[in-house]
Every structure is written in structure tokens, then in C-alpha cells.
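# Coordinate inspection notes
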Amino acid sequence: MNDKELLKQIKNIVKEESNFDIPPSIIESLQQIDSVLTKEKIGHLFRKFNFHDTPSFQELKVGVLSNFNVDEITTYIRFESLKNNIFPNFYLSSFNQYVYELINKDSQLYQSSPDITICLLDEEFIFDEVSSIIDIKEVEETIKRKLFELESLIQTFMQHNNGLFILNTIPLNKLTHQTIIDYRTKAALSRVWRQFNGQLLSLMDHYEQLIVVDIDLLYQDSTVFLRNDKMNYYGSMSFSQELLSSIAEEINKISRSILGLQKKCLVLDLDNTLWGGVIGDAGLQGIKLGPDSKVGNVYFNFQKMIRNLGNQGVLLTINSKNEWTNVQEVFDKHPYTILKEEDFVKICANWEPKHENIKIIQSELNIGMNSLVFIDDSSFEREMVNTYLPEVEVSQMPEDPSYYMFEVLRKGWFNTISLTKEDHTRKEKYKQIVKRETLKKSSHSIEEYLYALDIKVDIVNPSDFTIPRLAQLTQRTNQFNMTTQRLKETELKVMIDDPKMIVFGFRATDKFGDNGIVGAVCIEEHNNSNNKIWNIQNFIMSCRVFSRGIETAVLNHVITKAKEAQVKKIVGFYIPSKKNHIVENFYIEHGFKASNEQSNKFSFEYELDSTLTKQAPWINLNAKEEVVR
């Protein structure tokens, strides 16, 4: 479908007066759009579409501030968001009102309660208060003062909003630089400006809610330039439409992260993907891999990039039509292979259809099908996976392997706000999952298997060391997430500091190793006519420990602690999402009784004089760290 046909279809969709979900074919077509003009048109067309009537979309509240005209960025953010079934609900501040919006606790910005607030600034942030740009000392002093003011605004923002605050490094316009005619002063201004942007980036070390997008890196795309001078003069647009579109792409990557939409697993072909040639035909000496040849160096560097992703917690798997003995020979004997057998959590090297292998990978790793990205040089294999497994992200790999790295990285599938200790050990934990599956298949019964695992669960209280992981669980867990409440670290800390709240995590270990912190529970205490009630606001558990009774042991622990605290009743909540239907009966199965439904929020009650209806006797739960407020 070309751009013109796509625009025509979208116009028909937005004209519908009845509720109308956007067809998957349209969403898929959006992925192929490169034209900035087409992106703008599509974003503009959907501005009045009622996404509240499309249940497949998630809402994201976005605040936009700037010291120049930045209105057009909303159309590009809307376009990028549509590709991931996100609909942004914007608060767009008036021109150059960012200081007022941030210092006034009653501003419309704070009243709109955005999940992310974008504050874009141009060089006039500094030069508006400089009498002469050739006076480098004055520029330095102004930068120092403005940095102090900006940091104060960030601190004020964080007092009134728990969402993310997104700044940009501030580009120095080439024409401004060319105004200076001597090269020593040119160099001095460049040095001072680079230090300034370095200081902006360093602010991220001190504020968890802050993200600074490095604008300079966006210019490496040949289609992106800083400014259209005509639009700057006549429309006060300091940034070009191409740059605004690129910034919107980065905003979308951040949005996916906080909504739990990032990917987890990379499914890789081998022949002509990780090396050049077919190992079964060319043999070990015949494949192209390594710095000795130009083509071999392409695959050599591609493998380096893949390994770097794996070292940051991306799960690497193999899905290849190959004899395993041939593949193993490459991993064991080729002098230039970067990736080794141990880098992969699951290997499918056989002659089965690749979409069937992906089902096995997804099942054994126990992650959502939409958490996988499939990489294969064959258009036939890509189309087969697209057809049979539409939830899997299939990368449209270019014919020239020189562009493999760009294609895999450009969409930021695996981007996250920050890495935790758990991310660096994820590979080993998922390897343990595969071992558990092997044990399960060899056991005569599920009970025999569960007892053989020797599962231990430890209650973990929030601390500076555990809060990042607990927050990450709320952001990345989709299936066992009772209310899908996404929490940033700052929001979680506010909850922990609330005397009415009880928050704890839990860690699981078994005979195959430590799974790390795999879940969290958030409880709010109420007093109703002198009767204590515990409301379980959310119960979260990682998919990698499903089906072992850990959730039962933890819930029984909550019930036991509630009895000790003389609580009269426990109420659990369930809010359906696209992915958490597997836990819709969780509370019922554990002896809770359905009470009511309000705005798609189901509640279940448990009377504390009831007898526990479900047990997990094979689990040893250690509660040395008491549940505390």
C-alpha cells in the first residue's frame, strides 16, 4: 500500500461516527512510512479520533513545553505512538511559557498530570540573555546561571509531578557559529557549548525522573537538519520538521518503555544473518566471518552488536534451519565468532518451520509472543512468521548486510529507562527456565516436579537497592499484573513513604539458581468503622516463575500477616488488559468472593475468618524481613 492509498483509508476511518478500531493492516503499514510529510498528515488526521473507543490502545498523557513554537511535534508523536497502539493525550503549553508552567503549582501543566513532560529548548535559552556572542566569558557566565535556573525548575517539577521530565541537549546553530570570524573564538564557543551540553546530560545522574535526549546524535541521519530558516522567521520554529520527527521517535521509545511495551527476546537466524554463506554447504572455512575480509567484517561487527544487547539483558535465541553439529562447530572452532553457544538461552537448529520453533521458544521462556523480535535474511521466512505469528515483531532486513545493525537498532525495541542488576543476570535466569522445563518433562507428575525444584521464596522490603527492580516489574510485567499500574521509581517511593501503604517484593530461588526479585505486592490499609481493611492495589509476578505456586505462597503470606494485624477483610482488585487475562480468576481460585465491578475494575473480598483454600506445600517461604509500612 503506497502513502496515497494509506491516507485515503485513514480518512475513511476517522470519518466513522460509530466506534471503530484501527485495522492491524493500517498499523502495520505505518511501520513502513519514511516521509516526514506523510507522518505529519497522518498525525494530523488522527488528532480528533476518539481512541477511548478503541480498547486495543493505551493512553499516555503528554505535556509539551518550549521556548519556541513546537506545536508540530504533537502530530509526529501521535504518528509514532499509533504504530505501537498508544494514543497520546496532549497538554500543549502556550509559546515560551515553560518557566511559568513549571514554577506555578496550579498551572494547567500540573493539573493535566502528564506521564511524560517534554521541554524543548533552543540556543536562545542562552543567547537571549547575552549581549555579545563573541564575549565568551559572558556566554560562560550566562550558561552557569541558566543551568542553575533550569535545575531549580526540574526540582520544582518533581515536587508536583511524578512523571518523566524530558529535556534536550541544545544545538548550536551553524549560522550563529559562522557569525564569529576568528577561529580562536569559534573554538572557544564550541568548547563552552559542548561543556554546556555535557552538563545538561550530567543532570541525569542526579534526578531519576529526568531524561536528556542528545540532539547531536540525530543529525547523523542525512535527512535530519536543525532548522528551516524560512519557517523559523515566519513561524518561530527553531527546529525543522525533520528534527521534530526524529525527536518524536525518541519520545516514542521512551513511551514504550514506561508502558511496558519494549521487547525482551531477539530470535536470530544464522546463515547469511550471523555469518555470510550457508554453513552446511560452505563448511567452517567457507563462511564469511571476521576482520580478514570486508563482508566478513560486516558479520563480525553485527555479532559484536548482538552480544552487547545480550550483555544488557536482551534474551538471545537461535531459530535456524540447520544441522546442530554444523552450528556447534562454528561456535566451538571458528576463530572469529563473537557469539558462543553459552550466549543463547534457547537454540532451535533443526528443519522445522520457523514459526513452530518460535512457539517453542516463547513457550519455554514463558514470555509474551509480542515480546519477540525475529531477525532473518530470508523474505520467505519473514513472511511466514508474519502470517502465522502476527504478534511477533519481524524486522524487514535489508539485502545488504552492511545495514543490519542500523535496522535492528533504529527502532529501539529493547530500550529501557535504566538497567538494573536483574538485567545483567537475565540470561542465566532464563537458561535456568529451560533446565526446569527439561526436569518437568522427566517428572512423573507435576507435584513430583515442583517438590524436586526445592523452591524457596524470600520476602524483600523496599530499599535503595531493591526499588529500581520493583519499579521495573510494574513497568515490564504484563501477564501476571493484576491492575497493570505502571510505577516509576519516584512514584513507588511516594507509595512506600505513605503510612497507609504496605509494599514488599519477593525473591525466588530453586535448585537451578537464584531467580532474583520476581514479584511485588502493594497494599493500602483502610479503617472502616474501626475495622481494618487491606486493599491489594496490585499483585505482580514475573512470567519466568509462572506455574510453580509462588503466587499462592505469597498471597497466603499476606493473609497470615493480615490476621496477625487483626484485619477484618482483604480486598483484591483486577483490571483487565490485553495481556493479563490469565489472572482474571486468581482471587476466586484462592477463596475470594466477587463483590462488584466499577468502570471495568473488578473487586474480590476475603473474610479473615475463612480457611485457606489453596496451598503450595512444596514452597519454603522465608519472611525474616517482615512486611513493614
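Predicted, not measured: the structure shown is a model, and the values here were computed from it.

The rules we used
Residues numbered from 1 in each chain as written. Predicted model: local features only at pLDDT ≥ 70, side-chain atom pairs only at ≥ 80, totals over all residues. Heavy atoms only, no water. Helix = DSSP H or I, 4+ residues; strand = E, 2+ residues; numbered from the N terminus. Rg over C-alpha atoms; globule rule 2.2 N^0.38 Å. Contact = heavy atoms within 4.5 Å. Areas by Shrake-Rupley, 256 points an atom, 1.4 Å probe, with all protein chains shown as cover. Lys, Arg positive; Asp, Glu negative; His and termini not counted. Charge placed at Lys NZ, Arg CZ, Asp CG, Glu CD. Buried < 20%, exposed > 50% of the residue type's maximum accessible area, 1.4 Å probe, protein only. Polar contact = N/O pair within 3.5 Å; in protein donor to acceptor, adjacent residues only side chain to side chain. Phe/Tyr/Trp six-rings, centres within 6.5 Å; stacked < 30°, edge-to-face > 60°.

### Observations concerning the overall build of the chain
Helices and strands together make up the secondary structure of the chain, namely 25 helices and 18 strands. Taking 2.2 N^0.38 as the reference for a compact globule, 629 residues should give roughly 25 Å; the C-alpha atoms of the chain span a radius of gyration of 27 Å, in line with that estimate. Taken along its principal axes, the extent of the C-alpha atoms in the chain is 80 × 75 × 55 Å. Sequence separation of 24 or more characterises 72% of the internal contacts of the chain that already satisfy a separation of 6 or more. By element, 47% of the accessible surface of the chain is carried by carbon and sulfur atoms, the whole surface being about 29000 Å². Here the chain contributes 72 positively and 86 negatively charged side chains, and the mean placements of these two sets differ by 2 Å.

### Comments concerning the environment of Trp618
Among the structural elements, Trp618 can be located in the loop between strand S17 (601-607) and strand S18 (620-622). On the basis of relative accessible area, Trp618 is assigned to the buried category, the value being 17%. Taking the C-alpha atoms as reference points, Trp618 and Tyr449, separated by 169 residues in sequence, lie 9.8 Å from one another. Each residue touching Trp618, except ones within four places of it in the same chain, is listed here: Leu450, Tyr451, Ile455, Arg548 and Gly549. A polar atom in the side chain of Trp618 sits 2.7 Å from the backbone oxygen of Arg548.

### Observations concerning unusual backbone geometry
With a phi close to 55°, Asn85 is a non-glycine residue in the positive phi region. Locating Asn85 in the fold gives a position in the loop between helix H4 (73-82) and strand S2 (86-92). Judged by its relative accessible area of 21%, Asn85 falls in the partly exposed class. With phi around 60°, Asn366 is a residue other than glycine that occupies positive phi space. By the element assignment, Asn366 lies in the loop between helix H16 (354-365) and strand S9 (372-375).

### Quick look at the packing of aromatic side chains
Two measures describe an aromatic ring pair: the distance that separates the ring centres and the angle between the ring planes. According to the stated counting rule, one finds 22 aromatic pairs in the structure shown. Look at Phe480 and Phe546: their rings are 6.3 Å apart centre to centre, the planes differ by 55°, and that puts the pair in the tilted class. Of this pair, Phe480 sits in the loop between helix H22 (467-476) and helix H23 (489-497) while Phe546 is found in the loop between strand S14 (531-541) and helix H24 (550-564), placing the two residues 66 residues apart along the sequence. Accessibility expressed as a relative area gives 5% for Phe480, which makes it buried. Clustering of aromatic rings is evident, with ring pairs tying together Phe480, Phe506, Phe539, Phe546, Phe586, Tyr587, Phe592, Phe604 and Tyr606.

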